[in-house]
Amino acid sequence: MTPFNQQVEGTLLGVAAVKTSSVAGAQPFPFLDLKAQFAGLRPEIIAAVIGVLENQHFILGPEVEALERDFADLMGCHHALGCASGSDALLLALMALGVGPGDEVITTPFTFVATAGSIARLGARPVFVDIEPQTYNIDPFRLEEAITPRTRGIIPVHLFGLPANMEPILNIAKTHGLFVVEDAAQSICARYQGRMVGGLGTIGCFSFFPSKNLGAAGDGGMVTTNDPRLAESMKTLRVHGSRKKYQCDLVGTNSRLDALQAAILRVKLPHLAEWTAARQRNADGYWSLFRDYQISESLGLPSVPAGCEHVYNQFVIRTHRRDQLRDHLRRIGIPTEIYYPSPLHLQPAFADLGYKSGDLVEAELACQQVLALPIYPELGEERVAAVVRGIAGFFATTD
Ligand SMILES: *Cc1c(COP(=O)(O)O)cnc(C)c1O
């Protein structure tokens, strides 16, 4: 494969020559192209679906068990259990840990709503701790001041594909006797100090929502743990708290992974490593082109601390002129997204927690400045170059 910088050398005739029209003529492309992935796996996926339809075993069963074994092997953990979604993975984890009214659980305000929703759903109180501005992950050095006698645990989120700073988080949790539930929904196979995220804390939670790095054909999730007692609880809780048919041992829920989803995920799982590598290659392309165009300084690029591997579920840049940049890119056909436009502590659903604007300034600022660029595996270097040309055009004409 041609390295990005070589490929682009020819087009790089000085930033002044960059015109938006160079992008406008290109084929439009989506922010995320799930059809491209399906096209490559079509016969295998269709065969997997037909296999399930033929044996008519739809709920849990052998496909789900096989996926759970493969997943546990991949993660290097003892137990992996399929469930209905990433949101339910968080809910099952907290239920198994006995979280309920009167408890506090610390998490980040800069994440998808399900992270804090799982805490509130169980009648416990989400306590938000601000993020590190460079990584967008929870700031471990602000954790201790948030701990009270009611604190039960911490939910760090490995946001956008980058591991949270787990060593201090785990140390603080140990000192205070707290659990650590990792929200690894966006970070499957990301490594922290050589170890996969999701296996560092008490329980790991994963999502197979279609836009995640390993996506199902609908909703799906997985919990992982090395604790046999917690595994047993979660296995019981996902089937109405029943260990034996029509005997209810715990108040559980219905949260199972469908065999159809498991069969499709088993086709996709062996490709995850190559898809992750393709995301990382696209990210390298962005990095080197931003450098070539000398706009790295105008933008906050993703930060990857030593010892962390980023799997780029999102490639997020930041600029104080985010909205103008986004409008400019939209006009020339470059798709972008904003994750997230509003921090959780200012969402109406959490109004009763009493937070106000200005309480968590880093998260609030990030919400105003971040912009996610397309990064899906099939994107390819030409589109990466088109995105960068579009951004360079914005800074060339407005600086
Ligand atoms: C997607 C996501 C979830 C929820 O997963 P679903 O499968 O959509 O329920 C939870 N946390 C984070 C950080 C996510 O990105």
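Conventions adopted
Residues numbered from 1 in each chain as written. Predicted model: local features only at pLDDT ≥ 70, side-chain atom pairs only at ≥ 80, totals over all residues. Heavy atoms only, no water. Core = buried A, V, L, I, M, F, W, Y, C linked by side-chain atoms within 4.5 Å. Buried < 20%, exposed > 50% of the residue type's maximum accessible area, 1.4 Å probe, protein only. Helix = DSSP H or I, 4+ residues; strand = E, 2+ residues; numbered from the N terminus. Domains from an automatic or database assignment. Contact = heavy atoms within 4.5 Å. Buried area = accessible area lost by both parts, 1.4 Å probe. Salt bridge = Lys/Arg side-chain N within 4 Å of Asp/Glu carboxyl O. Polar contact = N/O pair within 3.5 Å; in protein donor to acceptor, adjacent residues only side chain to side chain. 1 Å grid on protein atoms, 1.4 Å probe; cavity = no way out; pocket = protein on both sides within 12 Å on 5 of 7 lines; lining within 4 Å. Points joined across faces, edges and corners; volume = space filled by probe spheres on them. Nonpolar A, V, L, I, M, F, W, Y, C, P; charged D, E, K, R; others polar. Near = heavy atom within 4 Å. Areas by Shrake-Rupley, 256 points an atom, 1.4 Å probe, with all protein chains shown as cover. Pairing = 2+ DSSP bridges. Axes fitted to C-alpha atoms, helices over the stretch in contact; angles between N-to-C directions. Parallel < 35°, antiparallel > 145°, perpendicular 65-115°, else oblique. Left-handed = near helix turned anticlockwise from the far one by under 90°.

Chemist: When you look at the nonpolar core in this model, what are you seeing that I'm missing?
Modeler: A general feature of soluble globular proteins is that nonpolar side chains tend to end up buried together. Within the largest apolar cluster, 54 residues are counted, with the highest numbers of intra-cluster contacts made by F71, M75, I106, L143, I169, I188 and L214. Listing elements by their share of this core, those giving two or more residues are α3 (34-55), α4 (62-75), α7 (166-176), α9 (259-268) and α10 (272-292). Both domain 1 (5-37 + 272-398) and domain 2 (41-270) contribute no fewer than three residues apiece to this core. Apart from residues lying up to four places away in sequence, I106 is in contact with V127, V129, I138, L143, A146, I147, T151, G153, I154 and I155. Residues F290, I295, L373 and A386 belong to the second largest nonpolar core, which totals 45 residues.

Chemist: How should I be thinking about the domain arrangement of the chain in this particular structure?
Modeler: Along its sequence, the chain is organised into domain 1 (5-37 + 272-398) and domain 2 (41-270). Between domain 1 and domain 2, the contact holds 36 residues from the first and 45 residues from the second. Between domain 1 and domain 2, roughly 3500 Å² of surface is buried when both sides are summed, and carbon and sulfur atoms account for 62% of that area. Contact with domain 2 buries area across many residues of domain 1, yet L272, Y340 and L344 alone supply 21% of it, more than any other trio. E309 is paired through a salt bridge with R191; the nearest N and O atoms lie 4.0 Å apart. At the boundary of domain 1 and domain 2, one finds 21 residue pairs in polar contact (both at pLDDT 80 or more).

Chemist: Would you mind going over the layout of surface pockets with me for this structure?
Modeler: Gaps between atoms show up when a probe of the same size as a water molecule is rolled over them. When its volume is computed, the largest pocket comes out at roughly 420 Å³. Looking at the largest pocket, it is lined by 26 residues, and the ones nearest its centre are F112, Q186, S207, K212 and Y340. Per-class residue counts for the lining of the largest pocket are 12 nonpolar, 11 polar and 3 charged. In this structure, the lining of the largest pocket is formed jointly by two domains, domain 1 (5-37 + 272-398) and domain 2 (41-270), each of which donates at least three residues. L34, Q37, P210, G215 and K268 are the residues nearest the centre of the second largest pocket, which is lined by 21 residues in total. Elements supplying a minimum of two residues to the lining of the second largest pocket: α3, α9 and α10. Tallying contributions element by element places α3 first for the lining of the second largest pocket, with 5 residues. Residue classes in the lining of the second largest pocket are distributed as 11 nonpolar, 4 polar and 6 charged. Two domains share the lining of the second largest pocket, each providing at least three of its residues, namely domain 1 (5-37 + 272-398) and domain 2 (41-270).

Chemist: Got a minute to help me understand the site of the ligand in this structure?
Modeler: Neighbouring the ligand are 15 residues; G86, S87, D183, S207 and K212 lie closest to it. Between the ligand and the protein, one listed contact pairs a nitrogen atom with a side-chain N or O atom of D183 at 2.7 Å. Within the side chain of S207, an N or O atom sits 2.6 Å from an oxygen atom of the ligand. Protein burial of the ligand: of its 380 Å² of free accessible surface, 94% is covered by the chains.

Chemist: What am I meant to see in the sheet that holds strand β1 (residues 79-83) here?
Modeler: Within a sheet, adjacent strands bond to each other through the backbone by hydrogen bonds, running parallel or antiparallel. Taken together, the 7 strands give an open sheet; going across it, the order is β1-β9-β8-β5-β4-β2-β3, and neighbouring strands pair in mixed fashion. In this open sheet, the two strands that pair with only one neighbour each are β1 and β3 (125-128). Across the sheet, the mean angle separating the axes of adjacent strands is 25 degrees when strand polarity is ignored. Pairing analysis gives 2 bridges linking strand β4 (residues 151-155) to strand β5 (residues 179-183), with the strands arranged parallel. Looking at the pairing, I154 lines up with V180 of β5. Sheet strands in contact with α7 are β4 and β5, and its direction is about 150 degrees off that of β5.

Chemist: So what exactly am I meant to see when it comes to the packing of α3 against α9 here?
Modeler: What describes two packed helices is the angle between their axes and the distance between those same axes. Relative orientation of the contacting elements α3 and α9 amounts to 140 degrees, with a least axis distance of 9 Å. When the interaxial angle is binned, α3 and α9 end up oblique. Of the two possible hands of crossing, α3 and α9 adopt the one that is right-handed. Note on element contacts: α9 touches α3 through A259, L260, A263, I264, V267 and K268, opposite Q37, L41, E44, I45, A48, V49 and V52. Per-class residue counts for the contact of α3 with α9 are 10 nonpolar, 1 polar and 2 charged.

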